[in-house]
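# Structural characterization, general
Spelled out, the chains give:
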Amino acid sequence: NSIGTKVSLVEFMPNIVLTTPPFSLAFPNLITPISFEGTKPQFSVLAAFNKGEDLSILEDAQYETARMYFKRPLDPYTSSIRPGKAEQGFEGRFVANLKSTTKPRVYDNTKNSRWLYTIRENEDMPKPGCRCKAEIELWAYDKFGLRGIGFHLVSLTIIDEPLESLGETEPNLALSKEYSLQ
């Protein structure tokens, strides 16, 4: 795992960029961005982390991002990492929405060589349940008094074929809305 920084031209503050621990992919929306309640259209995936997965790199990065932008840590309930709900098949897991307004790069390590492709059709879509890692950039938001840290999806790397079925190829709008960072 590595944490790097890069300069955001909008905020003029460093943003933390890191690679997530492995997760099971759910509700991939990587072909056409979707807008919720007038927000900018976004590509998204739901990262479902297995029970017992060490998420300290994500927690530490959220803490550091909040400290940089807000000059204090956020309350625990504003974390972008949330317990999964049993009725949605995520009992015992932690989940996080990874979003982007630009189409993320996708790598497939299940092929003989690592290759990059652009998803154009449903058959190109990574299958729900694939084991993945993602390169994400953390960003702070403060909208109408609601402060938090979002996970911007830069790239997705498929590291193993689906071992289970999670989510749908087409996004479940109710789930996506419920787990929305906004």
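Before reading further, recall that the structure is shown in the block above.
Residues numbered from 1 in each chain as written. Predicted model: local features only at pLDDT ≥ 70, side-chain atom pairs only at ≥ 80, totals over all residues. Heavy atoms only, no water.

### Some points on the overall build of the protein
Secondary structure summary: the protein contains 2 helices and 10 strands in total. Along the chain direction, N to C, the helices and strands of the protein fall in the order β-β-β-β-α-β-β-β-β-β-β-α. The long-range fraction of contacts in the protein, counting pairs at least 24 apart against all pairs at least 6 apart in sequence, stands at 69%. Of the roughly 9,600 Å² that the protein leaves accessible, carbon and sulfur atoms contribute 52%. (Helix = DSSP H or I, 4+ residues; strand = E, 2+ residues; numbered from the N terminus. Contact = heavy atoms within 4.5 Å. Areas by Shrake-Rupley, 256 points an atom, 1.4 Å probe, with all protein chains shown as cover.)

### So, the packing of aromatic side chains
This model, assessed by the stated rule, comprises 3 aromatic pairs. Ring geometry for W139 against Y141: centres 5.2 Å apart, planes inclined by 50°, an arrangement best described as tilted. Here W139 falls in the partly exposed class, since its relative accessible area comes to 26%. By relative accessible area, Y141 is classed as buried at 11%. (Phe/Tyr/Trp six-rings, centres within 6.5 Å; stacked < 30°, edge-to-face > 60°. Buried < 20%, exposed > 50% of the residue type's maximum accessible area, 1.4 Å probe, protein only.)

### Describing the pattern of salt bridges
All chains considered together, the criterion is met by 2 salt bridges. Taking the shortest distance from any N to any O, the salt bridge between R67 and E64 comes out at 2.2 Å. Note that R67 and E64 are positioned in helix α1 (residues 56-70) at a spacing of 3 residues, about one turn of the helix. Taking the relative accessible area as the measure of exposure, R67 reaches 38% and is therefore partly exposed. Here E64 falls in the partly exposed class, since its relative accessible area comes to 27%. For E135, the salt bridge identified is with R105, shortest N-O distance 3.1 Å. Here E135 is found in strand β9 (residues 131-143), whereas its partner R105 is found in strand β7 (residues 105-108), with 30 residues between them in sequence. The exposure class assigned to E135 is partly exposed, which follows from its relative accessible area of 26%. (Salt bridge = Lys/Arg side-chain N within 4 Å of Asp/Glu carboxyl O.)

### Some points on the nonpolar core
Across soluble globular proteins, nonpolar side chains show a tendency to be buried alongside one another. Judged by nonpolar contacts, the single largest core of 33 residues is most densely connected at L18, F23, L58, L98, I136 and L138. At the level of elements, β2 (14-19), β3 (23-34), β4 (42-49), α1, β6 (94-100), β9 and β10 (146-160) are the ones that each hand at least two residues to this core. With 7 residues, the single largest contributor to this core is α1. Apart from the residues within four sequence positions on either side, L58 is in contact with L18, T20, P21, F49, I81 and I136. Core analysis: the second largest hydrophobic core is formed by 6 residues, A26, F27, L46 and V95 among them. (Core = buried A, V, L, I, M, F, W, Y, C linked by side-chain atoms within 4.5 Å.)

### Things to note about the environment of S35
Structurally, S35 can be placed in the loop between β3 and β4. The spatial distance from the C-alpha of S35 to the C-alpha of T101 is 9.8 Å, given a sequence separation of 66 residues. With sequence-adjacent residues up to four places away left out, S35 is seen in contact with K40 and P41. A polar atom in the side chain of S35 sits 2.3 Å from the backbone oxygen of T39. (Polar contact = N/O pair within 3.5 Å; in protein donor to acceptor, adjacent residues only side chain to side chain.)

Such coordinate-based values are descriptive only and should not be taken to indicate function.
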